[in-house]
Amino acid sequence: MRGAFLTIKAFFITAVAICCVLFVYALSSFSAFEKGERHEFYKGTSSDEIVLARSPYQKLFLSNVRGESVRYTGDRAKELISRFGAEILFTEEAAGVVNYYCYSPALKNAVLIGDRSINLHIACNGEETAAGTPIIFGGF
């Protein structure tokens, strides 16, 4: 009898541990980007519906999220392109900001710009980097 109780107890503890690991994994997969200086979520298709967030986990409490962006200190463009395995489709430069328009198989939603599917947009001025998926709404 005692052996059966210990077996059930061990099974229960193992099940709880597995659930905790899966919960933490699910939380981390909700946001495309790691925590940065400022996180934004886009609920619509324009900059009118931007939600500023303190944490990427706030996405759990929002509905109809269609995109997100984050800002980092320093130039992290190459690091982000590499991390997402992205292909740079085209770039543009204006007012000291270089914009990289990329496609990454690791990201889901894309927008068409011209005839190209873009799902990773990175803007960098050397001192700060913004990254967004599918693109950065609002300004940099």
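Above this text sits the structure in question.
Below or above, wherever it landed, is the structure these notes cover. Please read these numbers as outputs of a predicted model, since none were measured by experiment.

A word on the pairing of strand 3 (residues 67-73)
Each regular strand displays side chains that alternate between the two surfaces of the sheet. Among the seven residues of strand 3, six are classified as buried, and the element is accordingly described as predominantly covered. Note that strand 1 (residues 38-42) and strand 3 share five bridges and pair antiparallel. The partner of Y42 across the bridge, within strand 3, is G67. Judged from the six bridges that link them, strand 3 and strand 9 (residues 128-133) form a sheet pairing that is antiparallel. In the sheet register, Y72 faces strand 9, and the bridge partner there is T129.

Regarding the sheet that holds strand 9
Ordered by their spatial adjacency, seven strands build an open sheet running 2-1-3-9-8-5-4, and the pairing between neighbours is antiparallel. This sheet does not close on itself; its edge strands, each paired only once, are strand 2 (50-53) and strand 4 (87-94). Averaged over all adjacent pairs, the angle separating strand axes in this sheet is 20°, with direction ignored.

Here's the deal with the packing of aromatic side chains
This model, assessed by the stated rule, comprises one aromatic pair. Plain terms: the ring middles of F90 and Y101 are 4.7 Å apart, the flat faces sit at 15° to each other, and that makes the pair stacked. Within this pair, whereas F90 is found in strand 4, its partner Y101 is found in strand 5 (residues 97-103), the two being separated by 11 residues in sequence. On the accessibility criterion, Y101 (9% relative accessible area) is buried.

Side note on unusual backbone geometry
Most peptide bonds adopt trans geometry, and most residues besides glycine take a negative phi value. Cis geometry is found at the peptide bond from T133 to P134, where omega equals 0°. Relative to the helices and strands, P134 is located in the segment after strand 9. You will see that A95, though not glycine, has its phi angle at about 50°, which is positive. Note that A95 resides in the loop between strand 4 and strand 5. Given the relative accessible area of 84%, A95 is considered exposed.

A closer look at the pattern of salt bridges
One pass over the structure, following the stated rule, counts two salt bridges. The salt bridge partner of R71 is E128, with a shortest N-O separation of 3.6 Å. A residue pair is termed long-range when its members are at least 10 positions apart, and R71 in strand 3 and E128 in strand 9 qualify at 57 residues. You can call E128 partly exposed: its relative accessible area is 26%. One salt bridge connects E79 with R76, and the closest N-O pair in it is separated by 2.8 Å. The exposure class assigned to E79 is partly exposed, which follows from its relative accessible area of 41%.

Rules used in this analysis
One numbering rule holds for all chains: residues counted from 1, following each sequence as written. Local features in this predicted model are restricted to residues whose pLDDT is 70 or higher, and side-chain atom pairs enter the listing and the counts only when it is 80 or higher, whereas totals over whole chains, interfaces and linings include all residues. Hydrogens and waters are ignored; side-chain quantities use all the structure's heavy atoms. Exposed residues in this analysis have more than 50% of their type's maximum accessible area, buried residues have under 20%, and partly exposed residues fall in between, with area computed by a 1.4 Å probe over protein chains only. Only runs of H or I of at least four residues qualify as helices and only runs of E of at least two qualify as strands under DSSP, and these elements are numbered from the N terminus. A pair of strands is labelled paired if DSSP reports no fewer than 2 bridges between them. Each axis is a line fitted through C-alpha atoms, and for a helix only the stretch in contact is used; angles between axes span 0 to 180 degrees, taken between their N-to-C directions. Any Phe, Tyr or Trp ring, taking Trp's six-membered ring, that has another such ring centre within 6.5 Å forms a pair; planes under 30 degrees apart are called stacked, those over 60 apart edge-to-face, and the others tilted. Each salt bridge in this description consists of a side-chain nitrogen of Lys or Arg and a carboxyl oxygen of Asp or Glu lying within 4 Å of one another.

Everything listed here is a matter of coordinates, which is why it stays silent on function.
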